[in-house]
2 protein chains.
Amino acid sequence: MQYRIGIDMGGTAIKAGIVDENYQVVYRHSRPTGQGFERVVADMAAAAREVAEMAGLAVSDFPCVGVGTPSCINPNTGRLVFSNNTNWRNVPLREELEKHLPVPVYIGNDANCAIIGEALAGAAKGCANVIMLTLGTGVGGGVILNGKLYCGGDGMGTELGHTPLIAGGYPCTCGINGCLESYASVTALIRQTKEAMEAHPQSAMHAYCREHGDVSGRTAFDCARQGDAAALAVVDQYMEYLANGIGGLVNVFRPEIVLIGGGLSGEGDYLLKPLNERVKKYVFASDIIGVPPIVKAALGNAAGTIGAACLDQM
Amino acid sequence: MQYRIGIDMGGTAIKAGIVDENYQVVYRHSRPTGQGFERVVADMAAAAREVAEMAGLAVSDFPCVGVGTPSCINPNTGRLVFSNNTNWRNVPLREELEKHLPVPVYIGNDANCAIIGEALAGAAKGCANVIMLTLGTGVGGGVILNGKLYCGGDGMGTELGHTPLIAGGYPCTCGINGCLESYASVTALIRQTKEAMEAHPQSAMHAYCREHGDVSGRTAFDCARQGDAAALAVVDQYMEYLANGIGGLVNVFRPEIVLIGGGLSGEGDYLLKPLNERVKKYVFASDIIGVPPIVKAALGNAAGTIGAACLDQM
């Protein structure tokens, strides 16, 4: 029986999990993310020890510890190159964490961990060529080529959210204007929803928000399902952006399958059915060479833990 | 001494070449591209025999024959899937050509052949991770990962010209609106130049065209060099499109080097110097992780012949 440890280092919580040989997360431990690099590193080590103890083991009984985090990571140097959340720049995450732990540490981008999890045990199980978009606060991207995680030539690539969708368009958090992320993230959808609400004071979205609270990624989708015209237009345009972006990525990678993860994937078939149809017009020669299916990721947040735990295998 | 045969099958000419062990094209034979699939296949076989004879050899003395063509190719099945020039769809190019020749045939997209040539013997020699854009009638794309040609999961990918630049924008020849190709090809530059000339009747570009003939990809660049304001604006906008597109590809692939080939690469440093500067603002975290150099391809048309001849090695 081979257990593995995976850690999600997020902006609000450090979540450690034990993953068994069937890629199930069998023990979980979570603690709030503290302030400062040294503190966070010490807390991650403590979380690894804690979750190991829950399994009746010590960290030294494990082959390694894997960490996934929503940051630009250099897997070759083990450095966290850039994090929007913490504003850390080029910190030696692997090296410092290894000082606290008796086993090798692997670090990876959270979107890369998610696709590893999905490829090993989720919606892309058995697929050798996969792309995944995680639609949340940002748009995370992961790519698997020939069964292996692809990280770009120097390890810091596959920033699929930071490819152009509308050059010169809406400012992205990365500093570039018009990235896919600035049109297809949940953050972008919320912006698009607010703009539509402002333009359409009669839209049912106003009543929806009075009932449910602030505008969220669900506002437009829920009201579109009820037939609200302004909400339908928001969802229509959002799907078009997403289909166009996915089409371009298919033209580059020609994967067997495209996975959609993150908060927005919760919309399920209401999102995915039209998306599978619409993407055809954005895929080069799609009538001849076909279009891969766009499928909802299967594992939710567990994918990141599983993928982090298995970073050394990819 | 190992000689190889490479064939460029273009819209106007079939060009066969013998490539020596130093990747030099040592014999060349060219004939016009005829009409119809069977005729073109027979002509390619004849061109291979002709160029072999020029070297005092027979085709059976060669390990294989490689063919590059500006089409969507399935390297796994050997089928030419789609060609804009000839409107061929899903024809068994390799199979038919092998009926005429005593050795195995390899077929590839022309942009892929060009990057192979450049990686083996040109501007990307010794580089393991390369992307190349060929700026001509269209925008061809090639990708080398870990020293091997990458063709996408099913072999029909790396259509870098058919990724979004301005979603919903100018119609591309592929049927999608707003592709990189529809803003960064020479065809697009000519359109942009004509639009600027129409808007600026006093531009020096009018006199330039009276002297040099029809608007070409050189019109705006040559007049910009002379300081014409309208031409400078065309070149400025064109470079911005190109920089934005390249930046997105760098964010995905993080190559060691980006090559620019095709007719427009003839502009040399006047294009490449500002491009290297401008691309920085389109590369994710460029101030921390750096930007690969954008370099002119070195081999011109020979790259395609060399790459076709060496398709079996990649």
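Basis of the calculations
Residues numbered from 1 in each chain as written. Chains lettered and ligands numbered in written order. Predicted model: local features only at pLDDT ≥ 70, side-chain atom pairs only at ≥ 80, totals over all residues. Heavy atoms only, no water. Salt bridge = Lys/Arg side-chain N within 4 Å of Asp/Glu carboxyl O. Helix = DSSP H or I, 4+ residues; strand = E, 2+ residues; numbered from the N terminus. Buried < 20%, exposed > 50% of the residue type's maximum accessible area, 1.4 Å probe, protein only. Contact = heavy atoms within 4.5 Å. Buried area = accessible area lost by both parts, 1.4 Å probe. Polar contact = N/O pair within 3.5 Å; in protein donor to acceptor, adjacent residues only side chain to side chain. Least-squares fit on C-alpha atoms with pLDDT ≥ 70 in both. Disulfide = S-S within 2.5 Å. Pairing = 2+ DSSP bridges. Axes fitted to C-alpha atoms, helices over the stretch in contact; angles between N-to-C directions. Parallel < 35°, antiparallel > 145°, perpendicular 65-115°, else oblique. Nonpolar A, V, L, I, M, F, W, Y, C, P; charged D, E, K, R; others polar. Expected span 1.5 Å × (residues − 1). Phe/Tyr/Trp six-rings, centres within 6.5 Å; stacked < 30°, edge-to-face > 60°. Lys NZ or Arg CZ within 6 Å of the ring centre and 35° of its normal.

Observations concerning the pattern of salt bridges
Residue and element names in this part refer to chain A.
Step number 1: In this structure the tally under the stated criterion is 28 salt bridges over all chains.
Step number 2: A salt bridge links Arg39 to Asp43; the nearest nitrogen and oxygen atoms lie 3.1 Å apart. With Arg39 and Asp43 both in helix H1 (residues 37-54) and four residues apart, the pair spans about one turn of that helix.
Step number 3: By relative accessible area, Asp43 is classed as buried at 10%.
Step number 4: The network of salt bridges with common partners includes Arg218, Asp222, Arg225 and Glu267.

Structural notes on the interface of chain A and chain B
Step number 1: If you look at the interface, chain A gives 38 residues, while chain B gives 39 residues.
Step number 2: The contact between chain A and chain B buries some 3500 Å² in all, and 66% of this surface belongs to carbon and sulfur atoms.
Step number 3: Among the residues of chain A in contact with chain B, Pro164, Val252 and Phe284 of chain A are the three that bury the most area, contributing 19% of the side total.
Step number 4: At the surface where chain A touches chain B, the tally comes to four salt bridges.
Step number 5: Taking the shortest distance from any N to any O, the salt bridge between Asp287 of chain A and Arg89 of chain B comes out at 2.7 Å.
Step number 6: Between chain A and chain B we count 20 residue pairs in polar contact (both at pLDDT 80 or more) in total.
Step number 7: Of all the secondary structure elements, the ones that give two or more residues to the side of chain A that touches chain B are strand S6 (79-82), helix H8 (229-253) and helix H10 (286-289) of chain A.
Step number 8: For the side of chain A that touches chain B, the element with the highest residue contribution is H8 of chain A, accounting for six residues.

Considering the side chain of Asn251 of chain B
Step number 1: Tracing the sequence through the fold places Asn251 of chain B in helix H8 (residues 229-253).
Step number 2: Exposure remark for Asn251 of chain B: the relative accessible area of 2% places this residue in the buried category.
Step number 3: Among the polar contacts made by the side chain of Asn251 of chain B, one reaches the main-chain carbonyl oxygen of Tyr282 of chain B at a distance of 3.2 Å.
Step number 4: Only 2.8 Å separates the side chain of Asn251 of chain B from the backbone nitrogen of Phe284 of chain B, close enough to count as a polar contact.
Step number 5: Beyond its immediate sequence surroundings of up to four residues, Asn251 of chain B is in contact with Met156, Gly157, Thr158, Glu159, His162 and Ile176 of chain A together with Tyr282, Val283 and Phe284 of chain B.

Observations regarding the relation of the copies chain A and chain B
Step number 1: Its rotation angle being 180°, the transformation that places chain A on chain B also includes 0.0 Å of axial translation and leaves an RMSD of 0.0 Å. The superposition of one copy onto the other is thereby described by a two-fold rotation axis. Residue Ile166 of chain A, judged by its C-alpha, is the member of chain A lying nearest the rotation axis, at 2.0 Å.
Step number 2: Take the interface residues of chain A: 100% of them recur as interface residues in chain B, which is what a same-surface contact looks like.

Focus: the state of the cysteines
Residue and element names in this part refer to chain A.
Step number 1: Taken as a whole and judged by the stated rule, the model has zero disulfides over all chains.
Step number 2: Take Cys127: it sits in no disulfide, and the sulfur closest to it among the cysteines is that of Cys310, at 17 Å.
Step number 3: Cys174 supplies the cysteine sulfur nearest to Cys179, a cysteine that is in no disulfide, at a spacing of 3.8 Å.

Let's talk about the pairing of strand S2 (residues 13-19) of chain B
Residues and elements named next belong to chain B.
Step number 1: Burial analysis of S2 places six of its seven residues in the buried class, which makes it a mostly covered element.
Step number 2: Note: strand S1 (residues 4-9) against S2, six bridges, orientation antiparallel. Bridge pairing in S2 places Ile5 opposite Ile18.
Step number 3: Both S2 and strand S3 (residues 25-32) contribute to a ladder of seven bridges, which runs antiparallel. Following the sheet pairing, Ala13 is matched in S3 by Pro32.
Step number 4: Linking S2 to S3, which pair antiparallel, is a turn of five residues; within it Tyr23 sits at a positive phi near 60°.

Some words on the packing of helix H3 (residues 110-121) of chain B against helix H11 (residues 302-309) of chain B
All names here are of chain B.
Step number 1: For the pair H3 and H11, the least separation of the axes is 6 Å and the interaxial angle reads 90°. Regarding the angle of H3 to H11, the classification is roughly perpendicular. Across from Cys113, Ala114, Ile116, Gly117 and Glu118 in H3, the residues of H11 making contact are Ala303, Gly304, Ile306, Gly307 and Ala308.
Step number 2: Taken together, the residues that form the contact of H3 with H11 break down as six nonpolar, three polar and one charged.

A look at helix H1 (residues 37-54) of chain B
All names here are of chain B.
Step number 1: Across its 18 residues, H1 extends 26 Å between first and last C-alpha, which sits within 8% of the 26 Å expected from 1.5 Å per residue.
Step number 2: When H1 is considered as a whole, its buried residues turn out to be Phe37, Val40, Val41, Asp43, Met44, Ala45, Ala46, Ala47, Ala48, Val51 and Ala52.
Step number 3: Residues of H1 that are buried make contact with S1, S2, S3, strand S4 (65-69), strand S7 (89-91) and helix H2 (93-100).
Step number 4: Positive phi shows up at Gly56, right after H1, with a value of about 70°.

Some remarks on the packing of aromatic side chains
Step number 1: Throughout the structure, instances matching the rule amount to 14 aromatic pairs over all chains.
Step number 2: Taking 6.3 Å as the distance between ring centres and 55° as the angle between the ring planes, the aromatic pair formed by Tyr150 of chain A and Phe253 of chain B counts as tilted. Placement of Tyr150 of chain A in strand S11 (residues 148-150) and of Phe253 of chain B in helix H8 is noted, with the two residues assigned to different chains.
Step number 3: When its relative accessible area of 8% is taken as the criterion, Tyr150 of chain A is described as buried.
Step number 4: The buried category is assigned to Phe253 of chain B, whose relative accessible area is 1%.
Step number 5: Aromatic side chains Phe221 of chain A and Tyr270 of chain A sit 6.1 Å apart centroid to centroid with 75° between the ring planes, which places their arrangement in the edge-to-face category. Of the two residues, Phe221 of chain A is situated in helix H7 (residues 219-225) and Tyr270 of chain A in helix H9 (residues 269-278); the sequence distance between them amounts to 49 residues.
Step number 6: Among the aromatic residues, those joined into a cluster by ring pairs are Tyr150 and Phe253 of chain A together with Tyr150 and Phe253 of chain B.
Step number 7: Positioned over the ring face of Tyr270 of chain A is Arg225 of chain A, at 4.5 Å from the centre of the ring.

Purely geometric stuff here, so don't read any function into it on its own.
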